[in-house]
Each structure stands twice: as C-alpha cells, then as structure tokens.
Amino acid sequence: MLAARLTAPGQLALEEVARPVPGPCDVLVRVEACGICGSDRHMFRGEFPTALPVTLGHEFSGIVVATGADVAGIGVGARVSGDPNIACGCCAQCRAGRPNLCPALSAIGVTRDGGFAEYVLVPEAQAVLLPADLDPLHGAFCEPVSCCLHAIDVARIPRGGSVVILGGGVIGLIMVELALQAGAGAVILSTRQSARRALASDLGAAATLDAMGDAVSTLAELLPEGADVVMECAGVTETVDQAIRMARRGGTVVLFGVVPKDDRVLISPFELLTKELRLESAWLNPLTYGRAAGLIGGRVLSLDRLISRRIGLAEVPEEVAGDPVPGEIKLVMTP
Ligand SMILES: [Zn+2]
Ligand SMILES: [Zn+2]
C-alpha cells in the first residue's frame, strides 16, 4: 500500500510499504479521510518528537476491513475513528484517570504508523464506532474535537457566562460551537483574518475582535469587567499575555494552543493574585473521544464550513512541507 512516511526531519515522501496485518487485539482500517494538522507540520520540521521512520496522520476515520482473533466488539464493515493517543494503562497517571499525562504515551501518526496511508492499524481499545451513514470527512474531526472537549471541560464555563477565544484556526472555530453548547451566553473570537471572523459570527459568535488591532482594549469596550473564561487557542506568547489581561476578576484562563517550547511569557503574579485568576491548561484528549464521536455522529457540529479543501494521498508530502494557505481552515486527505 502507499503511505506518507517521515524518515527524517524535512524528509516526507510517499512510499510503497506492506499492508499491515492486525495483531490479536487490532483492527485494520481502510482510511477514508485523514485531517492535516498543525502538529504534522511541527513533526515534519522536527519540532515535535516522533519515532522515525513513521507514517504521519492522527486525525483519521475509515472502514474496518479485518480484525484480530481477540477482537470482540467491532466487526468488518464498521465505520470507526481511532483515538491516536495510547496510554499504558498501568502507570500512576493512568490509574489516577489522567491517561493524557501517561509518561509512556504512544500515538498513532506520531510514534506508530498513522492515517496518511491506504490502511492503518488501530488497537480495538482505541477504535470508536461512528454511524454507518456518517460523512467520512466528518469522522476525521473526532481527534481535534476530542481535544477541544477536554479544554471545554477544564474551562468549567459558567452557564450564561462570557467566553473569549483567541485564535481563529480550526480549533478556535470548533471551540466557538462547543462553548455555546456548553452554555456560554456570549462567545467572542479574536483572530487576524476577516474571513475567519465572519465564519465565527456565522457559527454563533456574538462578536469578533481583530487580533491585528488592540484586541484587549476592544474587548474592554464590549466587556468592561473582562470575560469569565478566556481560551488561548493561537499558541503564541502575545495571546497568552492577552488572555490573562482579558479575564475578569475571578475568571479562568485555559492554555490550549501549543506555544513553541523555548518561548517565555512575562506574567504579573500580582495581577493573577489580585484577580484570583484560575490559570489552567488542557493537554490532549483524556477520555473524551467517545463524546466527540457522539457529537459528530449526532450531527450537532457544523463541520462542512471548516473543510477548505480535499487532497489526495499523493499531495500530502507537499502540503505538510509547505506553509498553510492563508484563509484555508482544514485540509482533509481522502486516499
Ligand atoms: Zn491534530
Ligand atoms: Zn500510563
């Protein structure tokens, strides 16, 4: 079969590899769709640890075509998505119900072969069933939605409260929908691109801020006391600083965007203290994959608006190696 293999930083190419054979507890999935994620570009550039060589692609869905001898709960023909993050199940973090913090975590499309291929192996325990008639492109959103759901859980949005989302990429836009469903009274999204601000409004945002301007002052005109919850989804130091300044007294800041490892932010402990801010972070998707599949299977998210372009497997290396096209939100590969 064909697979997009990362062999060294900067070296990603289509290769002919053997079609994987399921072990006793695995299912073999024929990939129908796999989203291209910012993390794929980080892995390509060597900015995020991987086990090389590896087939990238951690946001996939497809059809089960073979099952291992001990697989009992999933049959051939089922449409599934695979939770890429595989925790050991034995360590102190796993036993405490925090598998996202497992020090032995492995991940499909990161440390083991992923979904930028014709077929991918998924342990049965990682596979989540999707409705048979679901648009396969939507199934590829289970992973990003599951991570966003964890951030929404961590945020504990007060019913009717105000939520500011910093960053208008696919994550920020999914967060607009999830925050409203979680009971936010008003969601305000800040981003530089006007097309994304318009889309956020269509998805239900009460207002949008131009991140190129002074977003903190503009927000102060809308919410003089600040926001109940600010979710940092841009992954840059400027927005981490803005998030702290935008939160109201007694408010919550959730760090979600991945800021480059060596970046630092100057924060004011005095401001944190006197505002009694709850400064939180949300990493990966602990125990949220089934709920993400439930939301997607229940068609309660507007996902079509987030898909900018479909590409073929052969185009994956070039797209991952290149910079995202301005204005595009999500690319999805269909083999
Ligand atoms: Zn991703
Ligand atoms: Zn563990």
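Residues numbered from 1 in each chain as written. Chains lettered and ligands numbered in written order. Predicted model: local features only at pLDDT ≥ 70, side-chain atom pairs only at ≥ 80, totals over all residues. Heavy atoms only, no water.

**Focus: the overall build of the chain**
- Helix and strand counts for the chain come out as 11 helices and 18 strands.
- Against the globule reference of 20 Å for 335 residues, the chain gives a C-alpha radius of gyration of 20 Å, in line with a compact fold.
- Of all 335 residues assigned to the chain, the portion counted as buried reaches 52%.
- Contacts spanning at least 24 positions in sequence make up 70% of the contacts within the chain whose residues lie at least 6 apart.
- When the accessible surface of the chain is summed, it comes to about 14500 Å², and 53% of that surface belongs to carbon and sulfur atoms.
- Distance between charge centroids for the chain: 4 Å, based on 27 positive and 37 negative side chains. (Helix = DSSP H or I, 4+ residues; strand = E, 2+ residues; numbered from the N terminus. Rg over C-alpha atoms; globule rule 2.2 N^0.38 Å. Buried < 20%, exposed > 50% of the residue type's maximum accessible area, 1.4 Å probe, protein only. Contact = heavy atoms within 4.5 Å. Areas by Shrake-Rupley, 256 points an atom, 1.4 Å probe, with all protein chains shown as cover. Lys, Arg positive; Asp, Glu negative; His and termini not counted. Charge placed at Lys NZ, Arg CZ, Asp CG, Glu CD.)

**Overview of the sheet that holds strand β4 (residues 54–55)**
- Read across the sheet, 3 strands follow the order β2-β1-β4 without closing on themselves; strand pairing throughout is antiparallel. The open sheet terminates on both sides in strands that have one partner only, identified here as β2 (11–16) and β4.
- Note: strand β1 (residues 2–8) against β2, 6 bridges, orientation antiparallel. Bridge pairing in β2 places Ala 4 opposite Leu 14. (Pairing = 2+ DSSP bridges.)

**Section: the domain arrangement of the chain**
- Domain annotation for the chain reports domain 1 (2–141 + 303–333) and domain 2 (147–281).
- Here domain 1 and domain 2 have C-alpha centroids that lie 29 Å from each other.
- On the side of domain 2, 9 residues touch domain 1, which itself brings 9 residues to the contact.
- Three residues stand out in domain 1 for area buried against domain 2, namely Arg 305, Leu 306 and Ile 329, and they jointly supply 57% of the buried area on that side. (Domains from an automatic or database assignment. Buried area = accessible area lost by both parts, 1.4 Å probe.)

**Some words on helix α10 (residues 289–297)**
- Along α10, the residues classified as buried are Tyr 289, Ala 292, Ala 293, Leu 295, Ile 296 and Gly 297.
- A positive phi of about 55° marks Arg 299, the residue just after α10.

**Things to note about the pairing of strand β3 (residues 26–36)**
- With 10 of its 11 residues buried, β3 lies for the most part within the structure.
- Strand direction decides the pairing type here: β3 and strand β9 (residues 119–123), joined by 5 bridges, are antiparallel. Looking across to β9, one finds that Asp 26 is bridged to Pro 123.
- With 7 bridges connecting them, β3 and strand β5 (residues 60–67) associate as antiparallel partners. Across the sheet, the residue bridging to Val 29 is Val 64, located in β5.
- Judged from the 3 bridges that link them, β3 and strand β18 (residues 330–333) form a sheet pairing that is antiparallel. Bridged to Cys 34 within β18 is Met 333.

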